[in-house]
Amino acid sequence: EAGVTQFPSHSVIEKGQTVTLRCDPISGHDNLYWYRRVMGKEIKFLLHFVKESKQDESGMPNNRFLAERTGGTYSTLKVQPAELEDSGVYFCASSQVGDSPLHFGNGTRLTVT
Amino acid sequence: AQTVTQSQPEMSVQEAETVTLSCTYDTSESDYYLFWYKQPPSRQMILVIRQEAYKQQNATENRFSVNFQKAAKSFSLKISDSQLGDAAMYFCAYRSRANFGNEKLTFGTGTRLTIIP
């Protein structure tokens, strides 16, 4: 089975610009998570979808971040406008319903200059 | 809130030797999961091993085993017979069992493991 796919793998943008990250979960996985790792820090939870619904968005840093999962398939995470502190690696993960393990994507490395 | 601490930013080990990565955590809960994830240079994070807190027996997966000390809130990972392919960033993670179906993980800052040929 295909794994969790994220793109782009790397994005370099200027402060104030907009960037959209995409995540394609494993087919059939209702749970989709976004995490972020800022350089040298821990990986932090951003939000959790079950199908198209946001179950937990307690980790979203501010309203410059918008996540969507239309149709309950792929998800996008938009940062608008980007700030320097948004730089980091953004991970997506998916799982089936219930108590099943997470499958992670390769991550998108975002650099804001 | 739960926290996970990995006090070793970097570790190195000779090929074929054994290495232990440390992890401590803080929680007021009694029922939870603990995980070790591995992120090789190719960047995809892979689950190495999982431990249920209610199980006293330490989890083992081939060359990987854990030393789970619940009272001390310690969860170390031992890698035996280290191989070049074990070189990666290792993350310790915690998940509450309070919210069924929500795999929200709390991670440590990671330990970068280097294997010396």
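Just above, that's the structure.
Residues numbered from 1 in each chain as written. Chains lettered and ligands numbered in written order. Predicted model: local features only at pLDDT ≥ 70, side-chain atom pairs only at ≥ 80, totals over all residues. Heavy atoms only, no water.

### Considering the overall build of chain B
Consideration 1: Counting its regular elements, chain B contains zero helices and twelve strands.
Consideration 2: Shown N-terminal to C-terminal, the secondary structure of chain B runs as helices and strands in the order β-β-β-β-β-β-β-β-β-β-β-β.
Consideration 3: The C-alpha atoms of chain B give a radius of gyration of 14 Å, which matches the 13 Å a tight globule of 117 residues would have.
Consideration 4: Each principal axis of the C-alpha atoms in chain B carries an extent, and together these give about 45 × 25 × 25 Å. (Helix = DSSP H or I, 4+ residues; strand = E, 2+ residues; numbered from the N terminus. Rg over C-alpha atoms; globule rule 2.2 N^0.38 Å.)

### Some words on the overall build of chain A
Consideration 1: Helix and strand counts for chain A come out as zero helices and eleven strands.
Consideration 2: Helices and strands in chain A line up, N terminus first, as β-β-β-β-β-β-β-β-β-β-β.
Consideration 3: Relative to the compact-globule value of 13 Å for 113 residues, chain A shows a C-alpha radius of gyration of 13 Å, a close match.
Consideration 4: Counting only C-alpha atoms and orienting by the principal axes, one finds that chain A spans roughly 40 × 25 × 25 Å.
Consideration 5: Taking all 113 residues of chain A together, 47% fall into the buried category.
Consideration 6: Of all intrachain contacts in chain A linking residues separated by at least 6 positions in sequence, the fraction that spans at least 24 positions is 51%.
Consideration 7: Distance between charge centres in chain A, computed from 12 positive and 13 negative side chains, equals 5 Å. (Buried < 20%, exposed > 50% of the residue type's maximum accessible area, 1.4 Å probe, protein only. Contact = heavy atoms within 4.5 Å. Lys, Arg positive; Asp, Glu negative; His and termini not counted. Charge placed at Lys NZ, Arg CZ, Asp CG, Glu CD.)

### Digging into the pattern of salt bridges
Residue and element names in this part refer to chain B.
Consideration 1: Across all of its chains, the model carries twelve salt bridges over all chains by this definition.
Consideration 2: Note that Arg 97 is salt-bridged to Asp 31, the shortest N-O span being 3.7 Å. Of this pair, Arg 97 sits in the loop between β10 (88-96) and β11 (106-107) while Asp 31 sits in the loop between β4 (24-26) and β5 (32-39), placing them 66 residues apart in sequence. (Salt bridge = Lys/Arg side-chain N within 4 Å of Asp/Glu carboxyl O.)

### A closer look at the state of the cysteines
Consideration 1: For the structure shown, the criterion picks out two disulfides over all chains.
Consideration 2: Between the sulfur atoms of Cys 23 of chain A and its disulfide mate Cys 92 of chain A the distance is 1.8 Å. With the S-S bond torsion at -65 degrees, the cross-link from Cys 23 of chain A to Cys 92 of chain A turns out left-handed. A residue pair is termed long-range when its members are at least 10 positions apart, and Cys 23 of chain A in strand β3 (residues 19-24) and Cys 92 of chain A in strand β9 (residues 88-95) qualify at 69 residues. With respect to burial, Cys 23 of chain A and Cys 92 of chain A carry one shared label: buried.
Consideration 3: Each disulfide pairs two cysteine sulfurs, and for Cys 23 of chain B the partner residue is Cys 92 of chain B, the sulfurs being separated by 2.0 Å. Sign of the S-S torsion, about -70 degrees for the bond between Cys 23 of chain B and Cys 92 of chain B, identifies this disulfide as left-handed. Here Cys 23 of chain B is found in the loop between β3 (19-21) and β4, whereas its partner Cys 92 of chain B is found in strand β10, with 69 residues between them in sequence. Both residues of the pair, Cys 23 of chain B and Cys 92 of chain B, count as buried. (Disulfide = S-S within 2.5 Å.)

### Observations concerning the side chain of Gln 6 of chain B
Residues and elements named next belong to chain B.
Consideration 1: Relative to the helices and strands, Gln 6 is located in the loop between β1 (3-5) and β2 (10-14).
Consideration 2: Within polar-contact distance, the side chain of Gln 6 engages the backbone oxygen of Tyr 90 at 3.0 Å.
Consideration 3: Beyond its immediate chain neighbours, meaning those up to four positions away, Gln 6 contacts Ser 22, Trp 36, Tyr 90, Phe 91, Cys 92, Gly 108, Thr 109, Gly 110 and Thr 111. (Polar contact = N/O pair within 3.5 Å; in protein donor to acceptor, adjacent residues only side chain to side chain.)

### Observations regarding the nonpolar core
Residue and element names in this part refer to chain B.
Consideration 1: One finds Tyr 25, Trp 36, Phe 75, Leu 77 and Tyr 90 to be the most contacted residues of the largest nonpolar core, which totals 25 residues.
Consideration 2: The set of elements that each furnish at least two residues to this core consists of β3, β5, β6 (46-52), β8 (64-69), β9 (74-79), β10 and β12 (111-116).
Consideration 3: In terms of residues, this core owes the most to one element, β10, which gives four residues.
Consideration 4: With residues near it in sequence (within four places) discarded, Phe 75 still touches Cys 23, Tyr 25, Leu 34, Phe 35, Trp 36, Gln 51, Val 66, Asn 67, Phe 68 and Cys 92. (Core = buried A, V, L, I, M, F, W, Y, C linked by side-chain atoms within 4.5 Å.)

### Focus: the environment of Phe 107 of chain B
Consideration 1: Structurally, Phe 107 of chain B can be placed in strand β11.
Consideration 2: The buried category is assigned to Phe 107 of chain B, whose relative accessible area is 2%.

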